[in-house]
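Spelled out from the first residue to the last, the chains are:
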Amino acid sequence: MKTNADTSLINQASPRPAMNNQISSQDSAIPVPTLAINRPPAITWHHLAMNEACVSAPALGSAKDAVTYKSDITYATGDRALAAFKEACKSYASSTIETGVGPDADQWLADQATEYVSLDVPADGHDHQLDIDIVPRLDGRAIAATDIVVEPDAHLTVTIRIDSPEGGAGLTGSRLRIVALDRSVVEIQQLQTLDQGWRHIDALGIVEADNARVHVDQLVLGSSEVTMGLSSDVRGYAARCDVDTRYLGQNATKIDFNYVLHQRGKQTQCTLIANGILTGHASKLLRGTIDLVHGCKGSVGRETETVLLTSEHAVNKTIPVILCDEEDVQGDHGATIGHINPAQMEYMQTRGLSIDRIEHLFVRSTLDYARAHVASDAARTSIDALAKRTIGESLDDDEEVIR
Amino acid sequence: MSEQQKAQIDDVDRSMYDFKKSERGYERVSEGLTPDIVEEISAKKNEPTWMRDFRLKSLEIYNNMSVPDWGPSIDGLDMDHIVTYVKPNTDQKSDWEHVPDDIKDTFERLGIPQAERSYLAGVGAQYDSELVYHNVQDSVAGEGVVYSGIEEALHGEYADLIRSHFMHLVPPTDHKFAALHGAVWSGGSFVYVPAGVTLDFPLQSYFRLNAKGAGQFEHTLIIVEDDADLHFIEGCSAPKYNVANLHAGCVELYVGKRAHLRYSTIENWSKNMYNLNTKRAMVDEGGSIEWVSGSFGSHVSYLYPMSILKGRKSSCDFTGITFAGKGQDLDTGCKVVLAAPETSTSVQTKSLSKDGGVSTFRSGVTVTKAAEHANVSVSCQSLMLDDISRSDTIPAMDVRAEHVNVGHEASIGRIGDDMMYYLMSRGISESEASTMIVNGFANPVSKELPLEYAVEMNNLIKLEMEGAIG
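Just so it is clear, the structure is predicted and the values come from calculations on it, not from any experiment.

### Some remarks on the overall build of chain A
Here's step 1: Along chain A, the regular secondary structure elements total five helices and 20 strands.
Here's step 2: Classification of the 403 residues of chain A by burial places 50% in the buried group.
Here's step 3: Restricting the contact set of chain A to residue pairs at least 6 apart, pairs at least 24 apart contribute 84%.

So, in structure tokens, the structure goes:
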């Protein structure tokens, strides 16, 4: 896709965004700025409290050496890298790259980034790889900002591992923007296994040209507060974007998603799949928007969600939106939200499993799935550590599941 | 039956609704909304002090609330140019022969007296701001059923009942147009069905807004006591003007233990109407509310009947269809709050968009912590009939109870080529085929309507579909 140049593709650097100087906690002596975040394209009744989230944005010191990049391609850092990304994008896209979190939060992440990297992925017949580790060892802030142009016919796999040691506190973040050009293929695999003292903000912006393929695979397993935005501008002919998110909410974890798939090109395909388990006092809000823009004839957008609530205290909120401004399209959504079937529960209880143990089994099954799904030893180690912390078990031994 | 008559509908078109009558001799308050106007309306009705104070308080609330920022634009609605009260030159009658000829002619053309004779247990007819006709069959009244104007009830033996229920389900603080309703409401019906009484035939209220640039703010209050059963039908229409008209009615329904209420509406306001209506039901243990809702008219609609299931094993069924054509932005749907164990809800909606119309399905399902073992099923299907129209679905779900099952499905698409091909290969014309498919799409809703309304709906669809192809 070659379109008219437009320098507005890159959000222009600007002073810190306007933030509300509100006190986020009654106990706080110092006002902590807050960010309005994750506002979807179409809002609804305000009393439902689903139209946006609000996160505190404290000024934290940077956790040193917390963000590392590894790739088989030479990447650039700093201001020159940003300038290079802007230049590269000029020819390919014509609007700002949205990242789902909203402009203020997006700019805040960019401003607070502890590392910035820009990458231009060539089409040279190789499947290229970029590994981003956001793993703070000390309390503080660890935010990676990454911009990638994937050249026509190029292939790239991006893995993002967000992990923390047990204990400690701080904020991690990832702001990733990808321009996937004609016929390029991009695989994004993200794993988050933070401990409960850590919060995470994630912003992902994608632009897809003709016949581009982007697949996003997310495993959201840890942290006490997770805020994730994703926006994909599927503007190329027959481009495809698939988002598969699997999450686990334990204790009092708050998870907030805002995923927006804009289908602009003809014959585009998008899927948004979200599967999760909520235990304890965990809460989750998923805003999923399939936006079938005028002109996207022949496009198909699908959204499915399955939520298992294993506790009476868990809260699930969902707002699956389909916006349709085109006739020759198909948009579908399906959701199933429920508890363990009473018959299944009874069956397991008759075999000596307590309710706590049954809940534990469901948590473990999610962690087992994640462990089987990830590719690297480091990712498996992160999941093992999370399992030890949360269910007190190691996943690699087959210790008795039924005691 | 004259050719102009609509009853037993075999020849419906929009001209049946689009006729105007002179307002000569009618009382009109000044345009706009002021405390003086509110007091003037209250004084005309000789209301008790509490109601006058309630109106003034509602006006204060209205002035302090902002317009919704999440729905269709209502910029074209200028309250400074809306007349909130228009009284026709007659009082309420219980015999059609005593109703002034022009008003009687209006309702005859709409088929109301004929319907009353054919299959209704009682009828209320409102013309602009006041009821002009109200009647209930003796046999029904003999069972203790009360069906009267709500203002009449406010002054009679049910005054205390009205006071303890009026705008308690929909308080003026609910939203800006609930507050407006509280300030300037006029007309509407009161229904009381005693415990254990089942009405074999429906009651019907019909609301006709004839006055140009006016608002209609009728209030409907229905109390169905334990083990009772009622089907209530509501119809509405207006002629088209080149200025905005406003409808901000309010419906409050109380459904007792093991009682059942079906509330059917066919809304066919003219396309200059802002329809900002509020409907809400509270359902007690084992009770059930059924909403059947057809939205065809209005320029802009905000309409989301709400059900609060407060009693164990209470239930709600919502069946709705919305057809948005040229110049229409119809934001419709429902809200349900499941607030007791073993409650259940089934929502099934269909929407069609054509000729630049915008149809939005909006819902809110809240399963509170108390609603363990609740079941929810929501299905919304939308059909796009051309590429200049728009259809959105915005369903929200908030689930926080134990052992619940919530299922939701939505789809948006067009008429399938395979279906068209199949029908056309059997000699059916393209426009006929598309009309058949659309009627089939709407059938799950139309079959829930009283026969006359189902026929009317199918004819409206047929009319809307004319010229849809090619």
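### Here's the deal with the pairing of strand E25 (residues 405-414) of chain B
Here's step 1: Across eight bridges, the pairing between strand E20 (residues 330-339) of chain A and E25 of chain B is antiparallel. Within E25 of chain B, the residue paired with Ile337 of chain A across the bridge is Val406 of chain B.
Here's step 2: Bridging between strand E23 (residues 375-384) of chain B and E25 of chain B involves 10 bridges; their strand directions are parallel. Bridge pairing in E25 of chain B links Gln381 of chain B to Ser411 of chain B.

### A few points about unusual backbone geometry
Across the chain, the bulk of peptide bonds are trans and the bulk of non-glycine residues have phi less than zero.
Here's step 1: Unlike most non-glycine residues, Asn211 of chain A shows phi in positive territory, near 60°.
Here's step 2: Mapping Asn211 of chain A onto the fold places it in the loop between strand E11 (198-208) and strand E12 (213-220).

### Observations regarding the environment of Ser189 of chain B
All names here are of chain B.
Here's step 1: Along the chain, Ser189 falls in strand E6 (residues 189-193).
Here's step 2: Taking the C-alpha atoms as reference points, Ser189 and His247, separated by 58 residues in sequence, lie 16 Å from one another.
Here's step 3: Leave out the neighbours within four places in its chain, and Ser189 touches Gly124, Tyr147, Gly149, Ile150, Ser205 and Thr220.

### Describing the interface of chain A and chain B
Here's step 1: Tallying the contact residues gives 33 residues for chain A and 30 residues for chain B.
Here's step 2: Mapped by element, the contributors of at least two residues to the side of chain A that touches chain B are strand E19 (315-324) and E20 of chain A.
Here's step 3: For the side of chain A that touches chain B, the residue count by class is 16 nonpolar, 10 polar and seven charged.
Here's step 4: The sheet contact formed by E19 of chain A and strand E24 (residues 390-399) of chain B spans six bridges and is antiparallel. Residue pairing across strands places Cys324 of chain A opposite Ser391 of chain B, the latter belonging to E24 of chain B.

### Focus on the packing of helix H1 (residues 35-44) of chain B against helix H2 (residues 49-64) of chain B
All names here are of chain B.
Here's step 1: Viewed as axis vectors pointing N to C, H1 and H2 meet at an angle of 155°, and their least axial separation amounts to 10 Å. Relative to H2, the element H1 is oriented roughly antiparallel. Between H1 and H2 lies a crossing of right-handed hand. Where H1 abuts H2, its residues Pro35, Val38, Glu39 and Ser42 lie against Met51, Arg52, Arg55, Leu56 and Leu59.

### Brief notes about the pairing of strand E13 (residues 260-268) of chain B
All names here are of chain B.
Here's step 1: Most of E13 sits inside the fold, with eight of its nine residues counted as buried.
Here's step 2: Across nine bridges, strand E10 (residues 229-237) lies against E13 in parallel orientation. Across the sheet, the residue bridging to Glu234 is Thr265, located in E13.
Here's step 3: Sheet topology places E13 next to strand E16 (residues 288-295); eight bridges connect them, and they run parallel. Bridge pairing in E16 places Tyr263 opposite Trp291.

### Looking at the confidence of the model for chain B
Detailed reading of predicted coordinates is not advised where the pLDDT is low.
Here's step 1: For chain B, the average pLDDT comes to 89, and 94% of its residues sit at 70 or higher.
Here's step 2: Below a pLDDT of 50 lies the segment residues 1-13 of chain B, which in the model reaches 23 contacts outside its immediate sequence neighbourhood of four places, other chains included.

### Things to note about the confidence of the model for chain A
All names here are of chain A.
Here's step 1: Averaged over all residues, the pLDDT of chain A equals 88, while 89% of them reach at least 70.
Here's step 2: Residue range residues 1-28 is modelled with pLDDT below 50. Its contacts to residues more than four positions away, or to other chains, number 56 contacts.
Here's step 3: Overall, residues 399-403 carries pLDDT values under 50, and its contacts beyond four positions in sequence, including any with other chains, amount to five contacts.

### As for H2 of chain B
Residues and elements named next belong to chain B.
Here's step 1: For H2, spanning 16 residues, the distance from its first C-alpha to its last is 23 Å, which sits close to the expected 22 Å at 1.5 Å a residue.
Here's step 2: Looking only at H2, the buried set comprises Phe54, Arg55, Ser58, Leu59, Ile61 and Tyr62. Buried residues of H2, seen end-on, are gathered within an arc of 165° and therefore sit on one face of the element. Seen from the open side of H2, the exposed residues pointing more than 90 degrees away from its buried face are Thr49, Trp50, Asp53 and Asn64.

Basis of the calculations
Residues numbered from 1 in each chain as written. Chains lettered and ligands numbered in written order. Predicted model: local features only at pLDDT ≥ 70, side-chain atom pairs only at ≥ 80, totals over all residues. Helix = DSSP H or I, 4+ residues; strand = E, 2+ residues; numbered from the N terminus. Buried ≥ 20, exposed ≤ 12 C-beta atoms within 10 Å, placed from the backbone. Contact = placed C-beta atoms within 7 Å. Pairing = 2+ DSSP bridges. Nonpolar A, V, L, I, M, F, W, Y, C, P; charged D, E, K, R; others polar. Axes fitted to C-alpha atoms, helices over the stretch in contact; angles between N-to-C directions. Parallel < 35°, antiparallel > 145°, perpendicular 65-115°, else oblique. Left-handed = near helix turned anticlockwise from the far one by under 90°. pLDDT = per-residue confidence, 0-100. Expected span 1.5 Å × (residues − 1). Arc of directions from axis to C-beta.

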